[in-house]
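Residue-level listing of the chains:
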Amino acid sequence: MEPSILENFVERACSAAACENPTAALRSLLEESISDKTAMAEAIARQPDDEVLIFENETCSIWTCRYHSDVVLPPHEHLMTVHIAVYRGNEVEILYHRDADRLRHAKNRVVLEGEVVSLGPDAVHAVTAEGDMPSYAIHIYEGATTQVTRSLFDWTSGGEIEFTMANFHAMLRKPTDVEELQ
Ligand SMILES: [Fe+2]
């Protein structure tokens, strides 16, 4: 059987992540993948869950991500560079600065269908989608996301909270309850 579009993508992303300049190589791979955006979106639509880790090693983690405009994921850090390519819909990054032990809202960055955006290792963001349809994206991290201890941040106080799936789900919000989206 022929490898699927996602299997092909993973193979190329792995080589890009292992090369001398992974940041540039991963970005150009993602930019190139936009030319196949319909097929990429369809493959992401077929994934069994909204967020699926499709590959991870010490150089990169590749996730398929579907976000919905009626749910906002809580503020969190990654501790590594991430590259985001949106193939359908619009993904919204609610970006924060860390000020001592608090969070300060910096700005919202809408990643439009067909765009590629990178966030540095210090980035803290909350995430949702904008518009009538979910956003369909690939997120590639320059490292192993499941091997680092990272934090969520309280919506109100900005204080660090242990990143567990239970905490993550308890902190999901409706967009109307997120001040940064009003
Ligand atoms: Fe994130």
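Residues numbered from 1 in each chain as written. Predicted model: local features only at pLDDT ≥ 70, side-chain atom pairs only at ≥ 80, totals over all residues. Heavy atoms only, no water.

**A word on the coordination of the iron ion**
Working step 1: The iron ion binds to the protein through H76 (NE2), H78 (NE2) and H125 (NE2), with metal-donor distances spanning 2.1 Å.
Working step 2: Sequence positions of the donors to the iron ion reduce to the motif H-x1-H-x46-H. With H76 in strand β3 (residues 73-77) and H125 in strand β8 (residues 124-130), this residue pair connects regions lying 49 residues apart in the sequence. The pair formed by H76 and H125 is uniform in burial state, with each residue classed as buried. (Donors = N, O, S within 2.8 Å, 3.2 Å for Na, K, Ca; no water. Helix = DSSP H or I, 4+ residues; strand = E, 2+ residues; numbered from the N terminus. Buried < 20%, exposed > 50% of the residue type's maximum accessible area, 1.4 Å probe, protein only.)

**Remarks on the nonpolar core**
Buried together is how nonpolar side chains tend to be arranged in soluble globular proteins.
Working step 1: I94, Y96, L119 and W155 are the most contacted members of the largest nonpolar core, which totals 30 residues.
Working step 2: Put simply, the parts of the chain that give this core at least two residues each are β2 (61-67), β4 (82-88), β5 (90-99), β6 (102-111), β7 (116-119), β8, β9 (135-141) and β10 (151-153). (Core = buried A, V, L, I, M, F, W, Y, C linked by side-chain atoms within 4.5 Å.)

**Description of the layout of surface pockets**
Working step 1: For the largest pocket, the calculated volume is near 340 Å³.
Working step 2: E51, W63, R150, F163 and M165 are, among the 17 residues lining the largest pocket, the residues nearest its centre.
Working step 3: Elements with a contribution of two residues or more to the lining of the largest pocket: β2, β3, β8, β9 and α4 (165-170).
Working step 4: In the lining of the largest pocket, the residues fall into ten nonpolar, five polar and two charged.
Working step 5: Its volume calculated, the second largest pocket comes out at about 260 Å³.
Working step 6: Every residue lining the second largest pocket is counted, 16 residues in all, and those nearest its centre are L103, W155, T156, E179 and E180.
Working step 7: The leading source of residues in the lining of the second largest pocket is β6, at four residues.
Working step 8: For the lining of the second largest pocket, the residue count by class is five nonpolar, four polar and seven charged. (1 Å grid on protein atoms, 1.4 Å probe; cavity = no way out; pocket = protein on both sides within 12 Å on 5 of 7 lines; lining within 4 Å. Points joined across faces, edges and corners; volume = space filled by probe spheres on them. Nonpolar A, V, L, I, M, F, W, Y, C, P; charged D, E, K, R; others polar.)

**Comments concerning helix α1 (residues 5-18)**
Working step 1: An ideal rise of 1.5 Å per residue puts 20 Å on 14 residues; α1 measures up with 20 Å between its terminal C-alpha atoms.
Working step 2: Those residues of α1 that fall on the buried side of the exposure criterion are L6, F9, V10, A13, C14, A16 and A17. The buried residues of α1 occupy an angular sector of 165° when the element is viewed end-on, so they sit on one face. Exposed and oriented more than 90 degrees from the buried face of α1 are E11 and A18. (Expected span 1.5 Å × (residues − 1). Arc of directions from axis to C-beta.)

**Points about the sheet that holds β2**
Working step 1: Pairing is antiparallel across the open sheet formed by five strands, whose spatial order is β1-β2-β9-β4-β7. This sheet does not close on itself; its edge strands, each paired only once, are β1 (51-56) and β7. Mean inter-strand twist for the sheet, computed between neighbouring axes without regard to direction, equals 20°.
Working step 2: Two elements, β1 and β2, share five bridges in a ladder whose sense is antiparallel. Paired with E51 across the strands is C65, a residue of β2.
Working step 3: Strands in contact with helix α2 (residues 22-33) are β4, β7 and β9; relative to β4, the strand with the most contacts, it is inclined by about 0°.
Working step 4: Strands in contact with helix α3 (residues 37-45) are β2, β4 and β9; relative to β4, the strand with the most contacts, it is inclined by about 95°. (Pairing = 2+ DSSP bridges. Axes fitted to C-alpha atoms, helices over the stretch in contact; angles between N-to-C directions. Contact = heavy atoms within 4.5 Å.)

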